[in-house]
Amino acid sequence: MAALGWLTPRRRSATARSVLAGEASAEAARKSSQEAVGTTEEPQFPVHGDDQAAAFFDLDNTVMQGAALFHFGRGLYKRKFFETRELAKFAWQQAWFRLAGVEDPEHMQEARDSALSIVKGHRVAELQSIGEEIYDEYMAERIWPGTRALAQAHLDAGQKVWLVTAAPVEIAQVIARRLGLTGALGTVAESVDGVYTGKLVGEPLHGPAKAEAVRALAAAEGLDLGRCAAYSDSHNDIPMLSLVGHPYAINPDSKLRKHARQLDWRLRDYRTGRKAAKVGIPAAAGVGAVAGGTAAAIALHRRRR
């Protein structure tokens, strides 16, 4: 009995400590649960199965490093469509674009005029076929993995994904098809009986024209722009970005970065190894490397000065 009497207080003491530990654990769990209820979680995006939503991606420096038109020019030069002098101009414009990270309207206009004069008299089918080859030679390795992952997220959610670019629509369609996207909106060059005339239909798909193209496509497809997303690197595309409910600034120029921060737009930067800056929701997976040729671009820039 003495032994039992000696054990009883110890058992009670142990039980008391167990109860205290259990109560403390329960209180902590209850507090954690209450805090979780008060926390607002980021809604899933893109929304799976929303057939009134789609995504619109700018091409140059958003989906791909550099400008598609300049890469296309390199490919045409290789096939002897024009002389070395024109290639030098294309090379400088591309180097400037990589160095500055923004579109120069004068350079872009010169590139378009050059491209139109170069393709004049050639068949549309010929350029489409060449475009497939040029994609493999100069463009495939320049696709930003991070932006590609964003586009794939929309596709996986059952949504349509369109490129929207000032590049020739034939080139844009090749890139869209190779990436498994729905299609592309691009600048339309006039052709008669399948042969390029050297003129444009309307104007280049740039700035406000992109917004109008997206608006028209959304109406034709029965899309709700408030549910759609748009992605671009350039402040020139603010009209397009402003149309949708989910605007993203991708590798933004300084003006777009400032605008995105003011309006709390989501931002992604895949141009360096650092973590993407966060505006709105956490950065998506995938970081692209800086395109080759930066040193050459700087040298060219200094030489011109």
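This structure is a prediction, so every number in the text was calculated from the model and none was measured. (Residues numbered from 1 in each chain as written. Predicted model: local features only at pLDDT ≥ 70, side-chain atom pairs only at ≥ 80, totals over all residues. Heavy atoms only, no water.)

## A word on the packing of helix 2 (residues 68-78) against helix 5 (residues 124-139)
Where helix 2 meets helix 5, the closest approach of the two axes is 9 Å, and the angle between their N-to-C directions is 105 degrees. Compared by their axis directions, helix 2 and helix 5 come out roughly perpendicular. Two secondary-structure elements touch here, helix 2 through A68, H71, F72, R74, G75, L76 and K78 and helix 5 through L127, I130, G131, I134, E137, Y138 and M139. Taken together, the residues of the contact of helix 2 with helix 5 break down into eight nonpolar, three polar and three charged. (Axes fitted to C-alpha atoms, helices over the stretch in contact; angles between N-to-C directions. Helix = DSSP H or I, 4+ residues; strand = E, 2+ residues; numbered from the N terminus. Parallel < 35°, antiparallel > 145°, perpendicular 65-115°, else oblique. Contact = heavy atoms within 4.5 Å. Nonpolar A, V, L, I, M, F, W, Y, C, P; charged D, E, K, R; others polar.)

## Describing the sheet that holds strand 6 (residues 229-232)
Strands belonging to one sheet form pairs held by backbone hydrogen bonds; the direction of such a pair is parallel or antiparallel. The six strands lie next to each other as 3-2-1-6-7-8, forming an open sheet whose pairing is parallel. The open sheet terminates on both sides in strands that have one partner only, identified here as strand 3 (183-187) and strand 8 (266-268). The mean inter-strand angle of the sheet, taken between neighbouring strand axes irrespective of direction, is 20 degrees. Alignment of strand 1 (residues 54-57) against strand 6, held across three bridges, turns out to be parallel. In the strand pairing of strand 6, F56 is matched with A230. With respect to the sheet, helix 6 (residues 145-156) is in contact with strand 1, strand 2 (160-168), strand 6, strand 7 (246-250) and strand 8, its orientation differing from that of strand 1 by roughly 160 degrees. (Pairing = 2+ DSSP bridges.)

## Comments concerning the side chain of T62
Relative to the helices and strands, T62 resides in the loop between strand 1 and helix 2. Here the side chain of T62 touches D58 through a polar contact of 2.7 Å, side chain to side chain. Discounting chain neighbours no more than four positions away, the residues touching T62 are W144, T147, Y231, S232, D233, I250 and N251. (Polar contact = N/O pair within 3.5 Å; in protein donor to acceptor, adjacent residues only side chain to side chain.)

## Details of unusual backbone geometry
Positioned with a positive phi, D193 is a non-glycine residue whose angle comes to about 55 degrees. With respect to the helices and strands, D193 occurs in the loop between strand 4 (189-192) and strand 5 (195-200). On the basis of relative accessibility, which here comes to 68%, the residue D193 falls in the exposed class. (Buried < 20%, exposed > 50% of the residue type's maximum accessible area, 1.4 Å probe, protein only.)

## As for the nonpolar core
If you look at the biggest cluster of nonpolar residues, it comprises 42 residues, and the most contacted ones within it are F57, L59, L76, M139, L163, I175 and Y231. Ranked by residue count, the leading element in this core is helix 5, at seven residues. With residues near it in sequence (within four places) discarded, F57 still touches V63, T147, L150, A151, H154, V161, W162, L163, V164 and Y231. A54, L185, L223 and L241 belong to the second largest nonpolar core, which has 26 residues in total. (Core = buried A, V, L, I, M, F, W, Y, C linked by side-chain atoms within 4.5 Å.)

## Examining helix 8 (residues 208-221)
In this model, helix 8 (14 residues) spans 20 Å end to end at C-alpha, consistent with the 20 Å of a helix rising 1.5 Å per residue. Phi turns positive one or two residues past the end of helix 8, at G222, with a value near 70 degrees. (Expected span 1.5 Å × (residues − 1).)

## Some details on the pattern of salt bridges
Overall, the coordinates contain 15 salt bridges when judged by the stated rule. Between R227 and D50 there is a salt bridge; the shortest N-O distance is 3.1 Å. One end of the pair, R227, is in the loop between helix 8 and strand 6; the other, D50, is in the loop between helix 1 (2-37) and strand 1, and 177 residues separate them in sequence. With relative accessibility at 14%, the residue D50 sits in the buried group. Among the ionic pairs, D224 bridges to R227, the shortest N-O distance being 3.3 Å. A relative accessible area of 34% places R227 in the partly exposed class. Salt bridges here are not isolated pairs; linked through shared partners, they connect K78, R79, E133 and E137. (Salt bridge = Lys/Arg side-chain N within 4 Å of Asp/Glu carboxyl O.)

## Structural notes on the confidence of the model for the protein chain
Looking at the protein chain, pLDDT values average 77 and 64% of them are 70 or higher. Overall, residues 1-12 carries pLDDT values under 50, and its contacts beyond four positions in sequence, including any with other chains, amount to zero contacts. Throughout residues 36-40 the model reports pLDDT below 50, and contacts reaching past four residues in sequence, or to other chains, amount to zero contacts. (pLDDT = per-residue confidence, 0-100.)

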